[in-house]
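# Understanding the architecture of this molecule
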Amino acid sequence: MAAAALILLFGVGLASSDSYTEFRKHSNGNPEYVLGYVKGCESGLRDSGFAFAPTGSIMLKQVNKDGSVGEICTE
C-alpha cells in the first residue's frame, strides 16, 4: 500500500513539472508509444520532437501521426 502511494505522489509531482508541461504542449496528441532507451538526454525541444527526460534518459518514444517512429533525442 505504501509503494502505491509513493508511486502516485511521484506521478503527481512529475505531471506538474515544467518539463512535463512543455512535453504536453509540444506533443502530437497520439497516445501510442514505443519502447526505446537513450541515456544522456536532456529534456527539451529538438528537430525530432520534444524529449521528456527528467532523469537524463528516455524509455518511451511517441509515435508520429503517420505511424512512423523517428530518432530518439536527436538534434
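Residues numbered from 1 in each chain as written. Predicted model: local features only at pLDDT ≥ 70, side-chain atom pairs only at ≥ 80, totals over all residues. Heavy atoms only, no water.

### Digging into the overall build of the protein chain
Counted only if it meets this: Only DSSP runs of H or I covering at least 4 residues are called helices, and only runs of E covering at least 2 are called strands; the numbering of each starts at the N terminus. Each residue is assigned to one of three classes by its accessible area relative to the maximum for its type, calculated with a 1.4 Å probe on protein chains only: buried under 20%, partly exposed between the two thresholds, exposed over 50%. What makes two residues a contact is simply this: any of their non-hydrogen atoms within 4.5 Å. Per-residue accessibility takes into account occlusion by the displayed protein chains alone, with areas from the Shrake-Rupley method and a 1.4 Å probe.
For the protein chain, the helix and strand inventory stands at two helices and four strands. Of the regular secondary structure in the protein chain, the N- to C-terminal order runs α-α-β-β-β-β. Buried positions account for 21% of the 75 residues belonging to the protein chain. Taking the contacts inside the protein chain whose residues are at least 6 apart along the sequence as the reference set, 54% of them involve residues at least 24 apart. In the form shown here, the protein chain has an accessible surface area of approximately 5400 Å², with 60% of it arising from carbon and sulfur atoms.

### What to know about the confidence of the model for the protein chain
For the record, the criterion: The predictor attaches a confidence to each residue, and that confidence, scored 0 to 100, is pLDDT.
Residues of the protein chain with pLDDT of at least 70 account for 73%, and the chain-wide mean is 74. The least confident element of the protein chain is helix α1 (residues 2-15), whose mean pLDDT is 58; the most confident is strand β1 (residues 33-39), at 84.

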